[in-house]
Amino acid sequence: MISPSEETTPSVHDLNWLQLTHPEGARYFYNPVQRLFTDEDVWENDMASEIITGAMEVKQIAAENGIALSDTTELVIERCKGSIGYYFVDHDAQILFWPQPVMSMELMNGVRGVTEKSHIRYALEAQYWKHCALFPNLRFLPGHVVERLRGMIAYAHAESITSETSLSPFDMDELSNMLSLIDQVNGNINKPNEHSVCIVARYMHLLIRAKFVNFCGQRGARLDPDQLPYKSGSQRQSNHIVHIVLRILNVILFNSPEIHRESLLLKIWVDRTVVKRRWKGFVSQLILEWNSFTVFATVVLAADVSFLAVPGVDDPTTPTKSPTTIVIYMSTLCAMGSLVTSLILAASNNRWNSPNGVFISSMTASSFDIESVALMHSLPFGLLIWGMIFFTIALSILIFSDTTDVTALIGIAPTWALVIILTTWLVLAVNNWHVSDVAKAATKPCKLMKQVVTIQRR
């Protein structure tokens, strides 16, 4: 995998170290004698000797544990808070390894229930390709790796076309571009080209990592983005008080948090991992929704202000405010709240655009878990609806308290009742609450009482 090159710069202090430049521009060093990589500045003081000493120590640990290092094994070393961090690279097996037990929390990347060696291997292989992407210089591009990558991308592309539940971390446009790029690197197969190596290694890292996250080849492998490989009892459960608070807020916000949670968030944030294929559409839908709420809230706010400008509604000379004025004030405050929350959420779209879901991950660390994000999404809608409700109440008070014309009331009252009934029916239907279900629920106590009376008679 390593070949000599004339594009390297030997260190002026130690000719055994070569200065290499990553395609992105980062500088790192390679010692071909020790087959050792580091991003530490070996030109600084005695850093080179410190790195070599650390390499000798970890190689000694490997020998003591009976691990024979081949001629192609590489070693990466860096300083970590006063100690030495390292890992070995096995190019034949295409994995990273350590000669002593290490903490695997970061390696598992938050995936729980990893027990099988065949499953752990995907995690180690994903990190292997990440290593190749970090240190791509002086490497040949193996032809069999390119063919394997082309096959994986082609299959993911075909699956995305033929299935709505593809597990590919890329959408169809991205997969098409990836296939085009792979065709372009064919000319660099078996040649030392850091750019082509970096391209292939990055794609391999992402695709192999997807296999690891989806429990590929394991019992209960995830075959659908919405499928959880864990039992329901393994999910974090909220306490009773939090559950009650969420139920109350869900009612206050017209079931909007539950709708966001079930139809959006649970399809995007599956097993505390972002489904990247759905992420772009999700964020675009959010921003479009927030922008539309901004317009609607502005309209309601203008209507409230115009209502207050009607003579007799808000009389500054009267020390006591009328019920109509108070309710309009409440409508104005709700409209303002909807407008402000919509603007804040729309302005923070850079956080939502994080493809790794860092912002969602930080929000779900609270007691409300994913419901906290659903509540945030529901605030513009909920406050806007309350603003409209208060405006309707104020208008109704004004109509029915100040109108003495019976003819007008006969025409207005049925219309008002019809609008309220139809709107209420629509709200209930959208939230899957049907009149037939309410009637069935109401008849259950009657049937139960009949059974009790029958038993007592017997």
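Remember, it's a predicted structure, so these values are computed and weren't measured experimentally.

**Some points on a nonpolar patch on the surface**
- Side chains of Ile259, Leu418, Leu422, Trp425, Leu426 and Val430 sit close together on the surface and give an oily, nonpolar patch of about 620 Å² of accessible area.
- Tracing the chain through its elements places Ile259 in helix 8 (residues 256-268).
- The class for Ile259 is partly exposed, based on a relative accessible area of 35%.

**Observations concerning the environment of Val213**
- Among the secondary structure elements, Val213 is positioned in helix 6 (residues 194-213).
- Overall, Val213 belongs to the buried group, its relative accessible area being 8%.
- A sequence separation of 101 residues divides Val213 from Arg112, and the C-alpha atoms of the two residues are 9.4 Å apart.

**Some remarks on the pattern of salt bridges**
- The final tally for this structure, using the stated rule, is eleven salt bridges.
- In this structure, the salt-bridge partner of Asp41 is Arg27, at a minimum N-O distance of 3.4 Å. With a gap of 14 residues between them, Asp41 in the loop between strand 4 (36-38) and helix 1 (47-64) and Arg27 in strand 3 (residues 27-31) connect regions that are remote in the sequence.
- On the basis of relative accessible area, Arg27 is assigned to the partly exposed category, the value being 36%.
- Arg79 is the salt-bridge partner of Glu40, the closest N and O atoms lying 3.8 Å from each other. Placement of Glu40 in the loop between strand 4 and helix 1 and of Arg79 in strand 5 (residues 74-80) is noted, with a sequence separation of 39 residues between them.
- Each of the salt bridges in this network shares a partner with another, and the network as a whole consists of Arg35, Glu74 and Arg139.

**Focus: the side chain of Glu74**
- Following the sequence through the fold, Glu74 ends up in strand 5.
- Take Glu74: its relative accessible area is 0%, and that puts it in the buried class.
- Of note is the side chain of Glu74, whose polar atom sits 2.9 Å from the side chain of Arg139.

**Let's talk about helix 6**
- Counted at 1.5 Å a residue, the expected span for helix 6 with its 20 residues is 28 Å, and the 28 Å between its end C-alpha atoms agrees.
- Most of helix 6 sits inside the fold, with 14 of its 20 residues counted as buried.
- Between the side-chain oxygen at the start of helix 6 and the backbone nitrogen of His195 there is a gap of 3.1 Å, and the oxygen is on Asn193.
- Backbone geometry just after helix 6 places Phe215 at a positive phi near 55°.

**Some words on the nonpolar core**
- Residues Trp129, Leu149, Ile153, Val200 and Met204 are the most contacted members of the largest nonpolar core, which totals 35 residues.
- Every element with two or more residues in this core is listed here: strand 2 (18-21), strand 3, strand 6 (83-90), helix 3 (117-134), helix 4 (143-162), helix 5 (172-184) and helix 6.
- Broken down by element, this core gets its largest block of residues, seven residues, from helix 6.
- Look past the residues within four positions of Val200 in its chain and what remains in contact with it is Leu141, Val145, Val146, Leu149 and Val185.

**Regarding unusual backbone geometry**
- For Arg35, which is not glycine, the phi torsion reads 50° and is therefore positive.
- Relative to the helices and strands, Arg35 resides in the loop between strand 3 and strand 4.
- A positive phi angle, close to 65°, is found at Asn255, a residue other than glycine.
- Mapped onto the fold, Asn255 is located in the loop between helix 7 (240-252) and helix 8.

Criteria and cut-off values
Throughout this description, residue numbers start from 1 for each chain and increase along the sequence as written. Owing to the predicted nature of the model, reporting of local features is limited to residues with pLDDT of at least 70; listing and counting of side-chain atom pairs is limited to 80 or more, with chain, interface and lining totals taken over all residues. The basis for every side-chain value is the complete set of non-hydrogen atoms in the structure, without hydrogens or water. What makes a patch is a set of residues exposed beyond 30% relative accessible area and free of salt bridges, joined within 9 Å when like-charged and within 5 Å when nonpolar (Val, Leu, Ile, Met, Phe, Trp, Tyr). Note on areas: Shrake-Rupley with a 1.4 Å probe; residue coverage comes only from the protein chains shown. Note on definitions: salt bridges are taken to be side-chain nitrogens of Lys or Arg within 4 Å of carboxyl oxygens of Asp or Glu. Secondary structure elements are defined from DSSP: runs of H or I of at least 4 residues count as helices, runs of E of at least 2 residues count as strands, and each element is numbered from the N terminus. Each residue's exposure class comes from its accessible area (1.4 Å probe, protein chains only) as a fraction of the maximum for that residue type: buried when under 20%, exposed when over 50%, partly exposed otherwise. Throughout this description, a polar contact denotes any pair of N or O atoms lying within 3.5 Å of each other; where both atoms belong to protein, one of them has to be capable of donating a hydrogen while the other can accept it, and for residues adjacent in sequence the pair is counted only when both atoms sit in side chains. Take the number of residues in a helix, subtract one, and multiply by 1.5 Å to get its expected span. To form a nonpolar core, buried Ala, Val, Leu, Ile, Met, Phe, Trp, Tyr and Cys residues must be joined to one another through side-chain atoms within 4.5 Å. For this analysis, residues touch if any pair of their heavy atoms sits within 4.5 Å.

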